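Structure assessment
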Amino acid sequence: MEKQIKELLSVSKVGDVIKINGWVRTRRDAGQFSFVQINDGSSIDGLQVVVPGELENYKSEIAHLTTGSSLTVEGQLVESLGKGQAFELQARKVVVHGNAPADYPLQKKRHTFEFLREIAHLRARTNSLGAVARVRSSLSYAVHKFYTERGFFNVHTPIITTSDCEGAGAMFRVTTIDPENPPKTEDQKIDYRKDFFGKPASLTVSGQLEGEAYALALGRIYTFGPTFRAENSNTPRHLAEFWMIEPEVAFCDLNGVMDLAEEFVRYLANYVLENNRDDLEFFDKRIDNTVLSTLENIASEPFARISYTEAIELLQSGKEKFEFPTSWGCDLQTEHERYLTEKVYKKPVIVYDYPKEIKAFYMKLNEDGKTVRAMDVLVPRIGELIGGSEREENHDLLVERMRQSGLDEKDYWWYLDLRKFGSAPHGGFGLGFERLLLLSTGMQNIREVIPFPRFPGSAEF
Ligand code: 4AD
Ligand code: MG
């Protein structure tokens, strides 16, 4: 493997002879020679190459080089007279691997993100989407680093499942039944006993339930995988396929869960600030000028913590008009979440002890009988970044909550076993990885922070 521009520029000095590979961003004709801006994806910065007219393929190839063409350039590093760069490369040999004809869609002009989404197979070659991809990779590594350093084990929970974790029914069915000719039972219903898994199966909405089984064996685990929601949410914060990080800790109560969530988010903010400075500065300058200050604030300030009841009181103070009015018992909308974190506290807020009616069946009931030990982490610009809870560890109370939620406890026999055999207090949360990326890049729409987004009406690529 040959060195990439980022590494070359960090170790090279004027006078060195180097070789680079990459794609042409622009070519400017300067009479006897050409300036060619090359980017190889290794960083937001490319390298300017000066190609002299004397090169043997100058007239035949270089003079017609178009944006998007791929090259290998050998030459000598010289001091750059242009602003913003220390070096440029004085080419001695240029090999053109592939041309990009005039219909290459990424010509040098501003494209809308909506347009770029339609060419998602090419959009990582733009500055913005390339930077998103690098920050995404870096944060993914930071997630594993954070948990590994704290004695957590990474568990690969199943993608195909027969239990509905959130009990919300927003699942994609997985089946090999022929829709034109399904097997039928005697009373003319579809006979799922004849389906691939012998019963209805779906893509998972969360790895939590299986994660709990492993936490109650290994003590501390986390999952980091794709999750799927068939909800028809056409918002800039929802995807049908997204990645979630779910830690689960045995012998841990809601306070421990909140402490872990806060430490985790602050660690990640610090990590990108230290390791992705160039890309973050690009986002701050070109996409949203609050990116750096928000991340710095997260890294340095403790989060606010308020109960759901206090949150409702703040929302009802009358200082702000909302589209959806609030009352005790209602679910918080994004506008409410953003008001709390952006206007009231101006930093992330953890809201805890939600009414049981609006939360999932597995959350531990508080002594008041009305609220559960749930918590959401709300962050500026996004609203909910994390949802989590202490889990109900009492077998009989859990069965009751399942019945109240309309779930059949027989479907969850193994989950209930965890409360029968050595049950222990435990809890965890889920962090939506793409929401973290919205926070870290300033991008407006979640469809821009996953390489090939899936949302209602779209699974192209
Ligand atoms: O709040 P949620 O639904 O919680 C769970 O799934 C729990 N089982 C997690 C746990 O306790 N282990 O989802 C967790 C997070 C949300 O806070 C949000 O950041 C993200 O996942 N999320 C989505 N991100 C993108 N698109 C969607 N449709 C999302 N739904 C949830
Ligand atoms: Mg939630």
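Residues numbered from 1 in each chain as written. Chains lettered and ligands numbered in written order. Predicted model: local features only at pLDDT ≥ 70, side-chain atom pairs only at ≥ 80, totals over all residues. Heavy atoms only, no water.

**Remarks on the overall build of the protein**
In terms of regular secondary structure, the protein is built from 12 helices and 16 strands. Oriented by its inertia axes, the alpha-carbon framework of the protein measures out at about 85 × 60 × 45 Å. Of all 461 residues assigned to the protein, the portion counted as buried reaches 51%. Contacts in the protein between residues at least 24 apart in sequence constitute 67% of all its contacts with a sequence separation of at least 6. Carbon together with sulfur atoms contributes 50% to the accessible area of the protein, which is approximately 22600 Å² in total. Computing the positive centroid from 56 side-chain charges and the negative centroid from 68, the protein places the two 4 Å apart. (Helix = DSSP H or I, 4+ residues; strand = E, 2+ residues; numbered from the N terminus. Buried < 20%, exposed > 50% of the residue type's maximum accessible area, 1.4 Å probe, protein only. Contact = heavy atoms within 4.5 Å. Areas by Shrake-Rupley, 256 points an atom, 1.4 Å probe, with all protein chains shown as cover. Lys, Arg positive; Asp, Glu negative; His and termini not counted. Charge placed at Lys NZ, Arg CZ, Asp CG, Glu CD.)

**A word on the sheet that holds strand β1 (residues 17-29)**
Within a sheet, neighbouring strands are paired by backbone hydrogen bonds and run either parallel or antiparallel to one another. Around the barrel, which closes on itself, the five strands sit in the order β1-β2-β3-β5-β4 with mixed pairing between neighbours. Pairwise comparison of adjacent strand axes, ignoring direction, gives a mean angle of 55° for this sheet. As judged from the six bridges shared by strand β2 (residues 33-39) and strand β3 (residues 47-52), these two strands associate in the antiparallel manner. The residue bridging Gln-37 from the neighbouring strand is Gln-48, located in β3. (Pairing = 2+ DSSP bridges. Axes fitted to C-alpha atoms, helices over the stretch in contact; angles between N-to-C directions.)

**Points about the packing of helix α6 (residues 277-286) against helix α7 (residues 291-300)**
Interaxial distance between α6 and α7 falls to 8 Å at its minimum, and their mutual angle equals 125°. By the angle between their axes, α6 is oblique relative to α7. Listed contacts from α7 to Arg-277, Leu-280, Glu-281, Phe-283 and Asp-284 of α6 are Val-291, Leu-292, Leu-295 and Glu-296. The class makeup of the residues in the contact of α6 with α7 is five nonpolar, no polar and four charged. (Parallel < 35°, antiparallel > 145°, perpendicular 65-115°, else oblique. Nonpolar A, V, L, I, M, F, W, Y, C, P; charged D, E, K, R; others polar.)

**Examining the site of ligand 1**
Around ligand 1 sit 25 residues in total, of which Glu-166, Gln-208, Arg-229, Glu-246 and Glu-384 are the nearest. Interatomic distance of 2.9 Å between a backbone N/O atom of Leu-239 and a nitrogen atom of ligand 1. Contact between ligand 1 and Arg-391: an oxygen atom at 3.0 Å from a side-chain N or O atom of the residue. Within the complex, the protein chains bury 93% of what would otherwise be the 630 Å² of accessible surface of ligand 1. Elements with a minimum of two residues in the shell around ligand 1: β11 (241-250), β15 (383-390) and β16 (426-432). Of the residues forming the shell around ligand 1, the biggest block, five residues, is contributed by β15. Across the shell around ligand 1, the residue classes tally to nine nonpolar, eight polar and eight charged. (Near = heavy atom within 4 Å. Polar contact = N/O pair within 3.5 Å; in protein donor to acceptor, adjacent residues only side chain to side chain.)

**Here's the deal with the sheet that holds strand β9 (residues 201-203)**
Pairing is antiparallel across the open sheet formed by three strands, whose spatial order is β7-β9-β8. Because the sheet does not close on itself, it has two edges, and the strands there are β7 (160-161) and β8 (173-174). Note: β7 against β9, two bridges, orientation antiparallel. Within β9, the residue paired with Ile-160 across the bridge is Leu-203.

**Quick look at helix α11 (residues 413-420)**
What α11 keeps buried is the set Tyr-415, Leu-416, Leu-418 and Arg-419. End-on, the buried residues of α11 take up no more than an arc of 140°, which puts them together on one face. Those residues of α11 that are exposed and aimed more than 90 degrees away from the buried face are Trp-413 and Lys-420. Contacts from the buried residues of α11 go to α4 (208-218), α10 (395-404) and β16. At the exit of α11 stands Gly-422, carrying a positive phi of roughly 65°. (Arc of directions from axis to C-beta.)

**Quick notes on the nonpolar core**
In terms of nonpolar packing, the biggest core is built from 58 residues, with Tyr-147, Met-375 and Phe-429 touching the most fellow members. Considering every element that reaches this core, the biggest residue donor is helix α5 (residues 254-275), with 13 residues. Ignoring anything within four residues of it in the chain, the contact list for Tyr-147 reads Phe-152, Tyr-222, Ile-245, Pro-247, Leu-260, Phe-264 and Phe-429. Ranked by size, the runner-up nonpolar core spans 33 residues in total, among them Cys-330, Val-349, Ala-360 and Val-372. (Core = buried A, V, L, I, M, F, W, Y, C linked by side-chain atoms within 4.5 Å.)

**As for the packing of aromatic side chains**
Geometrically, a pair of aromatic rings is defined through the distance of the ring centres and the angle of the planes. A complete count under the given rule lists 22 aromatic pairs for this structure. Measuring from centroid to centroid gives 5.0 Å for Phe-146 and Phe-264, while their planes differ by 40°, and the two rings are tilted. With Phe-146 in helix α3 (residues 127-149) and Phe-264 in helix α5, the pair connects residues that are 118 residues apart, well separated along the chain. Taking the relative accessible area as the measure of exposure, Phe-146 reaches 0% and is therefore buried. Centroid distance Phe-282 to Phe-283: 5.8 Å. Interplanar angle 65°. Geometry classified as edge-to-face. In this structure Phe-283 comes out as buried when scored by relative accessible area, which is 0%. Pairwise contacts between aromatic rings join Tyr-141, Phe-146, Tyr-147, Phe-152, Tyr-222, Phe-264, Tyr-267, Tyr-271 and Phe-429 into one cluster. Just above the ring of Tyr-267 sits the side chain of Arg-150; from NZ or CZ to the centre is 5.3 Å. (Phe/Tyr/Trp six-rings, centres within 6.5 Å; stacked < 30°, edge-to-face > 60°. Lys NZ or Arg CZ within 6 Å of the ring centre and 35° of its normal.)

**Quick notes on a nonpolar patch on the surface**
On the surface, a cluster of nonpolar side chains totalling about 380 Å² of accessible area is made up of Ile-159, Ile-160, Phe-196 and Phe-197. Relative to the helices and strands, Ile-159 resides in the loop between β6 (153-154) and β7. (Patch = residues over 30% accessible without salt bridge, like charges linked within 9 Å, V, L, I, M, F, W, Y side chains within 5 Å. Salt bridge = Lys/Arg side-chain N within 4 Å of Asp/Glu carboxyl O.)

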